[in-house]
Amino acid sequence: MDDDRFARRGVRLLLKRDDLLHPELVGNKWRKLVPNIAAAHGRPLVTFGGAYSNHLRATAAAGRLLGLPTTGVVRGQELAGRPLNPSLARCAADGMRLHFVDRATYRRKTEPDTLAAILRAAGAEGAYVVPEGGSNAEAVRGCRALGEELRGPADVVAVACGTGGTLAGLAAGLSPAQRALGVPVLKGGFLEDAVQALQESAFGARSGTWSLADRFHCGGYARTTPELLAFAQDFEQRHGVPVERLYVAKLLYGLLTLTEEGAFARGTTIAAVVTGRPDPEGGR
């Protein structure tokens, strides 16, 4: 990207356009779902997400494309009696059965007894379970290829983080001379432990050099600020590249802020991974 705001600090910015991987399974959703679908061996898929989950959308699309039954467990029992928002309506149109659970139960969904009860209630016993956000050992190993593809061109490879699976795999695939930088889009400071746990599950130990810059979540998931939105619009106008607001905008805004603060030495090349694109139907 020819961007004077980075250039005057001696920093070169590259974009890795993973949003162009597949027309419906975009970016890290493709990288995380493909190995999980392979592990399912044709079994139905069940997964979890909020009312605007990109992961639910991608799983539903994969089910339609491959002829696999899918069930989406949606956070928020109160949504069951309401009209579906555009994101959930797209899931339903792709054939996904939606099962709504109360928020307290949803928080306990990883507990074996709670998970078993949810699967029974959803009619999804025997299905292959993909965790929220798609992040598990299979997904992390799938995302390692992203790092392998970026060996060489950049000193720092940066990615927006939700559940941490993409960062965990990316860092493992980079060369020893490179480092990965994650920009969390949720507040809470929990990702350090989550990423390490995912790497231990996938590879047996912490892998690669990586860190987190957790100042750019703008208040939490699905939260934005006028400043962030103005930045995203300006970036699009400068470069003609669509900027997804809830992940990619926070990533790019964070990288610009860090660059202007002098966090990167002159001569540094940064590759920013574009993991998604704006949703014309209003989903997140």
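1. Regarding the nonpolar core
Part 1 of the argument: Ranked by internal contacts, the top residues of the largest apolar core, which has 32 residues, are Leu-181, Leu-252, Leu-255 and Phe-264.
Part 2 of the argument: Elements with a contribution of two residues or more to this core: strand S1 (12-16), strand S6 (156-161), strand S7 (179-184), helix H10 (226-239), helix H11 (248-260) and strand S9 (269-273).
Part 3 of the argument: The leading source of residues in this core is H11, at eight residues.
Part 4 of the argument: Ignoring sequence-local partners within four residues, the contact set of Leu-181 consists of Val-156, Val-157, Ala-158, Val-159, Leu-167, Ser-211, Leu-212, Ala-213, Leu-255, Leu-258 and Phe-264.
Part 5 of the argument: Of all hydrophobic cores here, the second largest spans 21 residues; its members include Val-140, Cys-161, Ala-168 and Leu-174.

2. A short note on the packing of helix H2 (residues 28-40) against helix H3 (residues 54-66)
Pairs of packed helices are described in terms of their axes, by the angle between the two and the distance that separates them.
Part 1 of the argument: Running from amino to carboxyl end, H2 crosses H3 at an angle of 50 degrees, the nearest separation of the two axes being 11 Å. Judged on the interaxial angle alone, H3 and H2 are oblique. For the element pair H2 and H3, the recorded crossing hand is right-handed. Judged by residue contacts, Lys-29, Leu-33 and Ile-37 of H2 engage Asn-54, His-55, Ala-58, Thr-59, Ala-62 and Leu-66 from H3.

3. What about H3?
Part 1 of the argument: With 13 residues, H3 should reach 18 Å at 1.5 Å per residue; the first-to-last C-alpha distance of 18 Å fits that figure.
Part 2 of the argument: The distance from a side-chain oxygen at the start of H3 to the backbone nitrogen of His-55 is 3.1 Å, and the residue carrying that oxygen is Ser-53.
Part 3 of the argument: Taken from the residues just after H3, Gly-67 is the one with a positive phi, measuring 70 degrees.

4. Let's talk about the sheet that holds strand S3 (residues 70-75)
Part 1 of the argument: Strand order in the open sheet formed by four strands is S4-S3-S2-S5, and the pairing between neighbours is parallel. Strand pairing shows two members of the sheet lacking a second neighbour, strand S4 (97-101) and strand S5 (128-129), which therefore form its edges.
Part 2 of the argument: Summarising the sheet, S3 and S4 pair through five bridges and their orientation is parallel. Counterpart to Thr-71 in the pairing with S4 is Arg-97.

5. Topic: unusual backbone geometry
Part 1 of the argument: Here the phi dihedral of His-41 falls at roughly 55 degrees; this positive angle occurs in a residue that is not glycine.
Part 2 of the argument: Relative to the elements of secondary structure, His-41 occurs in the loop between H2 and strand S2 (45-49).
Part 3 of the argument: When its relative accessible area of 71% is taken as the criterion, His-41 is described as exposed.
Part 4 of the argument: Positive phi values are uncommon outside glycine, yet Cys-218 reaches one of about 60 degrees.
Part 5 of the argument: Along the chain, the position of Cys-218 falls in the loop between strand S8 (210-212) and H10.

6. Some remarks on helix H6 (residues 112-122)
Part 1 of the argument: Along H6, the positions that sit buried rather than exposed are Thr-114, Ile-118, Leu-119 and Ala-122. Down the axis of H6, the smallest arc covering the buried residues is 135 degrees, so these residues share one side. The outward face of H6, more than 90 degrees from its buried face, is lined by the exposed residues Pro-112 and Asp-113.
Part 2 of the argument: In the core, the buried residues of H6 are packed alongside S2, S3, S4, helix H5 (103-107) and S5.
Part 3 of the argument: Count one or two residues on from H6 and you reach Gly-123, which has phi positive near 65 degrees.

What counts, and where the lines are drawn
Residues numbered from 1 in each chain as written. Predicted model: local features only at pLDDT ≥ 70, side-chain atom pairs only at ≥ 80, totals over all residues. Heavy atoms only, no water. Core = buried A, V, L, I, M, F, W, Y, C linked by side-chain atoms within 4.5 Å. Buried < 20%, exposed > 50% of the residue type's maximum accessible area, 1.4 Å probe, protein only. Helix = DSSP H or I, 4+ residues; strand = E, 2+ residues; numbered from the N terminus. Contact = heavy atoms within 4.5 Å. Axes fitted to C-alpha atoms, helices over the stretch in contact; angles between N-to-C directions. Parallel < 35°, antiparallel > 145°, perpendicular 65-115°, else oblique. Left-handed = near helix turned anticlockwise from the far one by under 90°. Expected span 1.5 Å × (residues − 1). Polar contact = N/O pair within 3.5 Å; in protein donor to acceptor, adjacent residues only side chain to side chain. Pairing = 2+ DSSP bridges. Arc of directions from axis to C-beta.

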